[in-house]
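Here is how the chains run, residue by residue.
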Amino acid sequence: MSMKPILLVEDNPDDELLTLRALKKNHIQNDVVVARDGPEALSWLFGDESLGREAIAPSIVLLDLKLPKIDGIEVLRRIRTDPRTRLVPVVILTSSREEQDLINGYQLGANSYIRKPVDFPEFIQAVRQLGLYWLILNEAPPG
């Protein structure tokens, strides 16, 4: 059985690189699909005929909140209101310290909210724990 990909939704190239390095350093073998804004994330999740892109069914969505065009909160809202993606685990992975972002994320159905550690070794540890729980220990719903 092949592993489902991880959808990383991140507009900051440095944070994207750090996340990809942390996943690799923790031996997480899932392919990673990167979306750099809200519309691109939605096109990966729901498909986009104009791009010839079929929808993917990710094992998890790692979602930044501060995104261009469509922000992460709206992406989360659309994920949770569509029956095709309603049950996909969504982990908000953000540098936001705003309490309202935390509240909004959970109210809209985020499975977890992680503030990105500034220190790279701490970030690697956070990604290790995230991967261990969501990709190995957690039993995902069927489909």
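Bear in mind the structure is a predicted one, so any value in this text is a computation, not a measurement.

**Some thoughts on a nonpolar patch on the surface**
Thought 1: There is a patch of nonpolar side chains on the surface, built from Leu132, Tyr133, Ile136 and Leu137 and spanning about 420 Å² of accessible area.
Thought 2: Relative to the helices and strands, Tyr133 resides in helix 5 (residues 120–137).

**Quick notes on the pairing of strand 1 (residues 6–9)**
Thought 1: Residues of strand 1 alternate between two faces, with Ile6 and Leu8 on one and Leu7 and Val9 on the opposite face, all of them buried.
Thought 2: As paired strands, strand 1 and strand 2 (residues 32–35) are joined by four bridges and run parallel to one another. Looking at the pairing, Leu7 lines up with Val33 of strand 2.
Thought 3: Handedness of the crossover joining strand 1 and strand 2 through helix 1 (residues 13–25): right-handed.
Thought 4: Sheet topology note: the strand 1/strand 3 (residues 60–63) ladder contains four bridges and is parallel. From the neighbouring strand, Ile6 faces strand 3, where its bridge partner is Ile60.

Quick notes on the rules
Within each chain, residues carry numbers counting from 1 in the order of the written sequence. Totals for whole chains, interfaces and linings use all residues, but because this is a predicted model, local features are given only for residues with pLDDT of at least 70 and pairs of side-chain atoms are given and counted only at 80 or more. Hydrogen atoms and water are omitted, and side-chain values are computed over all heavy atoms in the structure. Like charges are joined within 9 Å and nonpolar side chains (Val, Leu, Ile, Met, Phe, Trp, Tyr) within 5 Å, but only among residues with over 30% relative accessible area and no salt bridge; these make up the patches. Using a 1.4 Å probe, accessible areas were evaluated by the Shrake-Rupley method; residue-level cover was limited to the displayed protein chains. Between Lys or Arg on one side and Asp or Glu on the other, a salt bridge is scored when a side-chain nitrogen of the former is within 4 Å of a carboxyl oxygen of the latter. Runs of E in the DSSP output that reach at least two residues are strands. Runs of H or I that reach at least four are helices, and both are numbered from the N terminus. To sort residues, take the accessible area from a 1.4 Å probe on protein chains only and compare it with the maximum for the residue type: under 20% means buried, over 50% means exposed, and anything in between is partly exposed. Strands are labelled as partners when DSSP assigns at least two bridges between them. Looking down the strands as they point away from the viewer, one classifies a crossover as right-handed if the path from the first strand across the helix to the second runs clockwise.

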